[in-house]
Every structure is written in C-alpha cells, then in structure tokens.
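This is what each chain is made of:
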Amino acid sequence: MTPTTTLIVPPIRTVVATAVTAALVTLTSAGAHAAFFQLAENSPAGLGNAFAGGAAIAEDASTVWYNPAGLTRLNGTQFVVGGYFIKPSLEFDKTSANRATALGGGAISGGNGGDAGENAIVPNFYYAQRLNEGLTFGVGLNVPFGLATDYDDDWVGRYHANRSEIRTININPALGYKVSDALSLGAGISYQKIEAELTQAVDFGSLCALGGAPFAGCAAPGANDGSASVEADDDAWGFNLGTLWQAGEATRIGLAYRSKTKYTLKGTFDVTAPSALAASAGSAVGGIVDSGAQAHVTLPETLSLSAHHVLTPHWTVMGDITRTRWSRLPELRIDFDSSQTDAVTTLDLKDVNRYSVGVNYAPNSTWTYRAGVAIDQTPTPNEIARTPRLPDEDRLWLAFGFGYKSSDAVSFDVSYVYIKVDDAAINKSAGAPGGENFLRGSLVGNYEADTHILTGQVNWKF
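Residues numbered from 1 in each chain as written. Predicted model: local features only at pLDDT ≥ 70, side-chain atom pairs only at ≥ 80, totals over all residues. Heavy atoms only, no water.

Trainee: Kindly report on the overall build of the protein, identifying the contributing residues and their values.
Mentor: Looking only at helices and strands, one finds five helices and 20 strands in the protein. Per-residue burial over the protein gives 53% buried out of 462 residues. Partitioning the intrachain contacts of the protein with sequence separation of at least 6 by distance along the chain shows that 74% fall at a separation of at least 24. Just so you have it, the protein exposes about 18500 Å², and 57% of that area is on carbon and sulfur atoms. (Helix = DSSP H or I, 4+ residues; strand = E, 2+ residues; numbered from the N terminus. Buried < 20%, exposed > 50% of the residue type's maximum accessible area, 1.4 Å probe, protein only. Contact = heavy atoms within 4.5 Å. Areas by Shrake-Rupley, 256 points an atom, 1.4 Å probe, with all protein chains shown as cover.)

Below is the structure:
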C-alpha cells in the first residue's frame, strides 16, 4: 500500500461534508439487530421469547429497562449478569457502480466487499432491591446501540463506506411503586454515552480534476485513492415510565414509554492523500483546514404495550407491540466550525412497529422452555434513502431458550435467535456537482443479511 500523508485541497469541502454526514448517519443507524440502529438484546431470558410481553413479564431485574413498574414483582435483592455473542452476516451483490457524468463517467473498480458483518460480544447487568412493601429500586447497565460493518478496503462502494463502528453504554436507575395489589407504577432516568468511528475511501483523482489545472502527482479518477476518517461522540439524558396492571389472576398488562433523547454530536475528521500527490501539491492547493463539526440530533421515543397470560400451571402466552417514532429524524444537518455551508442528509424515516408473540412451557419448578416470533419493521422508506453503512430492511425473529433453577437463590437462562433480514436493494445516484454522492459515485445492488445470537445470564437472589 502506498504511504499516505495529509493533504488539504479545495474540493475536500464536499468530502468532509459527506464524510461527517455519514458519521452522524451511522450514529443513528449502526445497529444491526432491531430495526435501524437499535440493539434489542437487553435481556437474555427475554430473547428466548423474541421479547414478547417485555413490558408485562417482570420475571427478573431486566424489567428496569423494559418496564420499571415491574420492579414491584421482585422480592429481596436480585443481580442479573448476562452476555450475548452476536454473529451477523452482511453481503452485497453489485448491479452497477459508476462515477458521475461530470467526472467522465465510467465504472468504479472493486469487488462486493466480502462479508461486512462483524462478530461482537455485548454485556448487560441489572440490580434490584426491595426498599419496603411498596417501593423497589433498580439499576441497569446495558448496550442499546452498537456493533459494526467492515467492508474490504477495495470494494466497489468504498467511497460511500469502509468501516463503521458505534459503541454505546447506558446507565438506567429506576423506581417501582406498588399503588395496590392490581396496579404498579415505575419511572427511571437514563444516561447514555455514544462513540463512533468511521472510514471511507476518497477518490483523489476526481478531486484533482475538480481542482482546475492538474498538478504533479494527479492520476485518473479511481487510480489515486486516499481515505477519510471521522470520530464523533456525545452523551445525553432521557427517562422511562411504566405501568403494570394485574387485570385478573392470570393476566398482566404492561405499558412502557422510553423518551426521545437529544444529542449534540461533536466530531473531528482527517483526510489523507497518497504521499506522492501530497508532496507535489504543496501550498498551491492551500486554504482549507481540517475542522470540527456538530449536529443536533433527536432520537425517537418508543411506546410498548405488552400482555402476559397464564393459560395453565404449565403454559404461558405473551405478546408485545412496540412503536418507535423514527419520524423524529427526517434529516441530519451538520454545522461546521469552518466557513463551509451546512451539509444536509435527507432520511425521510417513518414510524414503525415491532410485533412479537411468545410462549413458555414450565413442566416443573426447575425448568422453563421458551419460544417466540417477531416481525420488526424498518423505518427506511426505500432503496434511495438506504445507506451502505447499514442497509436496513424488515426482519423476522425466530427465538427459543430455556431457564434452569438450580436453587432458590441461583438460576440460569440460555437463549438463541435467528434473525432473517429481507433482501435490501440500494440505489444511490451520483447526481450533479455539489450533490451528496457526486464524488462517491453511484451504487446499485442488493444486500442479503442475517444474524445468529446466542446469549446467557445468571440470576442471584438474596
């Protein structure tokens, strides 16, 4: 690989705008296992039911996340420690990829990018303690957004994305209050930290062509690649509310709300060029410097309605509908610290639902067997809005698991889920000069994706 050094050129304004915009898109879309950016994996036991009845089950301390009102169903003190091994697969099949007509057109070289999915281990931790007959405290530590996509460096869509990684951590203390034997209320606050790192290739041959008279070291478009990297982070506060109603001896209904969160994401970027080009260009290219950038982003609220019904002493059924208001994020607008104009990415996201149903079979007090199915809608409206950093589509969850109670104090849960993502078409047009994808070129093709998740948890009661 040719050594690289940093180069500053006038057309980098466009590269920086699109790179930082892509970074902020990834901060809201990198998750790969619930629709769009979310990671739903916040309870290993609940995963066995595809999270059906999540706001109504309240069988362990993870109810801090799903419905804090459920804390009132827990006695004494309880610890839950869980972890997930997540194995995603994401493969692209190119139809076409071409440079913009104003840059001479022509096909962009490169392969399909390999398997862009990346394995991950995701932990979570929950604690609950009964304070008195009516009040229970809980706290959760989990990862609501995360994972990464990583394409081969020379893939055909490298000007759109190479590596996209997001890391989050969420801390959520909460209280549950028992109003009566039939009704409980709950509330909590959340502190969340988000970090992201992204890379993409930069076509310096095209940048040279746009810079006016060519200078030494320039090459034809596609023959002189550099790179752009972006880092961004922020933290934010939110809250969650819940109510749990014992509708009868055998039926519970839960309603849970998790608030929107407002972020001011701040990022930095570096653009790197091939050394021969950077050395020969010198100060003649001049004038533009690396810059900071920020964007005000509101991530959506969710509302969950769940039911849990005991059919017989051995059989239980449950269901859930969760509504996510993704229309809170119609666009991303990036403000730069330098004098360049705002960069805007239109997302046109829509509000979506996740539907899940599940069943438990408990033949005795020691073993519980779980199964569940979920349909998870994508908020991405079409192939034009879809981003190669996360080519999201509707997905189907097929889950099962089991619980084993080794004593009154200790129990274990293991779950597995297979998530099949619908084939996702992408159709990015290069467009006219100054457009979002002008220097990146067009990208047309289809994605196939699925995910395997194996998870386990241990519960201690005191």
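Having put the structure on the table, let's press on.
Trainee: An account of the layout of surface pockets is requested, with residue identities and associated values reported.
Mentor: The computed volume of the largest pocket comes to approximately 930 Å³. The wall of the largest pocket is formed by 38 residues, among which E59, T368, R370, K405 and K461 lie closest to the centre. Secondary-structure elements contributing two or more residues to the lining of the largest pocket are β12 (302-310), β16 (352-361), β17 (367-376), β18 (395-405), β19 (410-428) and β20 (443-461). No other element matches β19, which puts four residues into the lining of the largest pocket. Of the residues contributing to the lining of the largest pocket, the split by class is 13 nonpolar, 16 polar and nine charged. (1 Å grid on protein atoms, 1.4 Å probe; cavity = no way out; pocket = protein on both sides within 12 Å on 5 of 7 lines; lining within 4 Å. Points joined across faces, edges and corners; volume = space filled by probe spheres on them. Nonpolar A, V, L, I, M, F, W, Y, C, P; charged D, E, K, R; others polar.)

Trainee: An account of the pairing of strand β3 (residues 120-130) is requested, with residue identities and associated values reported.
Mentor: By the bridge criterion, 10 bridges tie strand β2 (residues 77-96) to β3 in an arrangement that is antiparallel. Following the sheet pairing, F79 is matched in β3 by Y127. Taken together, the six bridges between β3 and strand β4 (residues 135-142) define a ladder with antiparallel strand orientation. The residue of β4 that forms the bridge with R130 is T136. The hairpin formed by β3 and β4 contains four residues between the paired strands. (Pairing = 2+ DSSP bridges.)

Trainee: Tell me about a negative patch on the surface, residues and numbers included.
Mentor: A surface patch of like charges, here negative, comprises E91, D93, D115, D422, D423 and E448. Residue class for D115 comes out partly exposed when judged on its relative accessible area of 37%. (Patch = residues over 30% accessible without salt bridge, like charges linked within 9 Å, V, L, I, M, F, W, Y side chains within 5 Å. Salt bridge = Lys/Arg side-chain N within 4 Å of Asp/Glu carboxyl O. Lys, Arg positive; Asp, Glu negative; His and termini not counted. Charge placed at Lys NZ, Arg CZ, Asp CG, Glu CD.)

Trainee: Got a sec to walk through the confidence of the model for the protein? Specific residues and values, please.
Mentor: Note: predicted coordinates in regions of low pLDDT should not be interpreted at a detailed level. Looking at the protein as a whole, its pLDDT mean stands at 83, while 83% of the residues score no less than 70. Here residues 279-289 is modelled with pLDDT under 50, and outside its nearest four sequence neighbours on either side it reaches 16 contacts, counting other chains as well. (pLDDT = per-residue confidence, 0-100.)

Trainee: I'd love a proper account of the packing of aromatic side chains, names of residues and values included.
Mentor: Going through the model one piece at a time under the given rule, you end up with 15 aromatic pairs. Ring centres 4.9 Å apart and planes at 50 degrees place the aromatic pair F92 and Y447 in the tilted group. With F92 in strand β2 and Y447 in strand β20, this residue pair connects regions lying 355 residues apart in the sequence. According to the relative accessible area criterion, F92 is buried, its value standing at 5%. The aromatic ring of W65 is capped on one face by R258, whose charged end is 3.7 Å from the ring centroid. (Phe/Tyr/Trp six-rings, centres within 6.5 Å; stacked < 30°, edge-to-face > 60°. Lys NZ or Arg CZ within 6 Å of the ring centre and 35° of its normal.)

Trainee: I'd love a proper account of the environment of K260, names of residues and values included.
Mentor: With respect to the helices and strands, K260 occurs in the loop between β9 (251-258) and β10 (261-274). In this structure the C-alpha to C-alpha distance between K260 and L299, which are 39 residues apart in sequence, comes to 5.5 Å. Other than its neighbours up to four places away in sequence, K260 contacts T298, L299, P300, E301 and R328.

Trainee: So, the nonpolar core: which residues are in play, and what are the values?
Mentor: Ranked by size, the top nonpolar core spans 27 residues in total, and within it L47, W397, V417 and I453 carry the most contacts. Contributions of two or more residues to this core are made by α3 (63-66), β2, β3, β18 and β19. Among the elements that make up this core, the one with the highest residue count is β3 (four residues). Judged by nonpolar contacts, the second largest core, of 16 residues, contains A116, W155, I426 and L443. (Core = buried A, V, L, I, M, F, W, Y, C linked by side-chain atoms within 4.5 Å.)

Trainee: Break down unusual backbone geometry for me, with residues and values.
Mentor: The backbone of A50 shows a phi angle near 55 degrees, a positive value even though the residue is not glycine. Positionally, A50 belongs in the loop between α2 (44-47) and α3. Phi is positive for A58, close to 50 degrees, though the residue is something other than glycine. As for its placement among the helices and strands, A58 is situated in the loop between α2 and α3.

Trainee: Tell me about the pattern of salt bridges, and please be specific about residues and values.
Mentor: Enumeration according to the criterion identifies 16 salt bridges in this entry. Between R99 and D203 there is a salt bridge, and its shortest N-O distance comes to 3.5 Å. Separated by 104 residues along the polypeptide, R99 in the loop between β2 and β3 and D203 in strand β7 (residues 183-203) bring together distant segments of the chain. Considered together, R99 and D203 belong to a single accessibility category, that of buried residues. Of the charged contacts in the structure, one is a salt bridge between E195 and R167, with a shortest N-O distance of 3.5 Å. Taken together, the positions of E195 in strand β7 and R167 in strand β6 (residues 163-178) put the pair 28 residues apart, joining distant regions of the chain. Overall, the relative accessible area of 33% leaves E195 in the partly exposed class. When salt bridges with common partners are traced through the structure, they connect E118, D150, R163, E165, R167 and E195 into a single cluster.

Trainee: Could you give an account of the environment of G157, with specific residues and numbers?
Mentor: As for its placement among the helices and strands, G157 is situated in the loop between β5 (146-150) and β6. Owing to a relative accessible area of 0%, G157 belongs among the buried residues under this scheme. Here the alpha-carbon distance between G157 and K94, two residues 63 residues apart in the chain, equals 9.1 Å.

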